[in-house]
Amino acid sequence: MCIFCKIVNKEIPNNTVHENEDFLAFHDLYPKAPVHVLIIPKKHIENFHSTDPETMAKMTPFIQEVAEKVGVDKTGYRLVTNNGADGGQEVFHLHFHLLGGGKLRWDHSHEDPHKSL
Ligand code: AMP
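Rules and cut-offs
- Residues numbered from 1 in each chain as written.
- Predicted model: local features only at pLDDT ≥ 70, side-chain atom pairs only at ≥ 80, totals over all residues.
- Heavy atoms only, no water.
- Pairing = 2+ DSSP bridges.
- Helix = DSSP H or I, 4+ residues; strand = E, 2+ residues; numbered from the N terminus.
- Axes fitted to C-alpha atoms, helices over the stretch in contact; angles between N-to-C directions.
- Salt bridge = Lys/Arg side-chain N within 4 Å of Asp/Glu carboxyl O.
- Buried < 20%, exposed > 50% of the residue type's maximum accessible area, 1.4 Å probe, protein only.
- Phe/Tyr/Trp six-rings, centres within 6.5 Å; stacked < 30°, edge-to-face > 60°.

Caption draft 1: Spotlight on the sheet that holds strand S2 (residues 23-27). In space, the five strands of this open sheet follow the order S1-S2-S3-S5-S4, with antiparallel pairing throughout. Two strands lie at the open edges of the sheet, namely strand S1 (16-19) and strand S4 (77-80), each paired on one side alone. Here the strands of the sheet are splayed against their neighbours by 20° on average, with no regard to which way each runs.

What follows is the structure, given as structure tokens:
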């Protein structure tokens, strides 16, 4: 069972921000911004590329509620999902990083920006 499924099953503790029948939002253990919340579906989906439109449609208002709950809906935030190896995905259970609480830098450059595909 993956680590986020274990969190859903309460086998691993988490700092919950918001929850409903289908989704869970909790603080990232190693925050990369003053606000860093992970938002996951409770059912196991490997990543964004393997998700379905119904899940995404339901997830949208949930993510908006999370942003309101942590107080970044008006100040702004960044929503990120790492997909697969090149995307830097480490946990293979779909999750969105909601980052905010201060001005964020934009630093998502390629390891070798001069390399052509
Ligand atoms: P990613 O690299 O996009 O797969 O992100 C995985 C994220 O999960 C990282 O930001 C980790 O800090 C975070 N993480 C890993 N284990 C836990 C945990 N037990 N509780 C909260 N966050 C976690």
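That shown, we press on.
Caption draft 2: Here's a closer look at the pattern of salt bridges. Evaluated as defined, the whole model comprises four salt bridges. A salt bridge links Lys-43 to Asp-52; its shortest N-O distance comes to 3.7 Å. By relative accessible area, which is 48% here, Lys-43 ends up partly exposed.

Caption draft 3: Expanded view of the packing of aromatic side chains. Taken as a whole and assessed by the stated rule, the structure comprises two aromatic pairs. Centre to centre, the rings of Phe-4 and Phe-26 are 5.5 Å apart; their planes meet at 85°, and the pair counts as edge-to-face. One end of the pair, Phe-4, is in helix H1 (residues 3-8); the other, Phe-26, is in strand S2, with 22 residues separating them in the sequence.

These results come straight from atomic positions and should not be treated as a statement about function.
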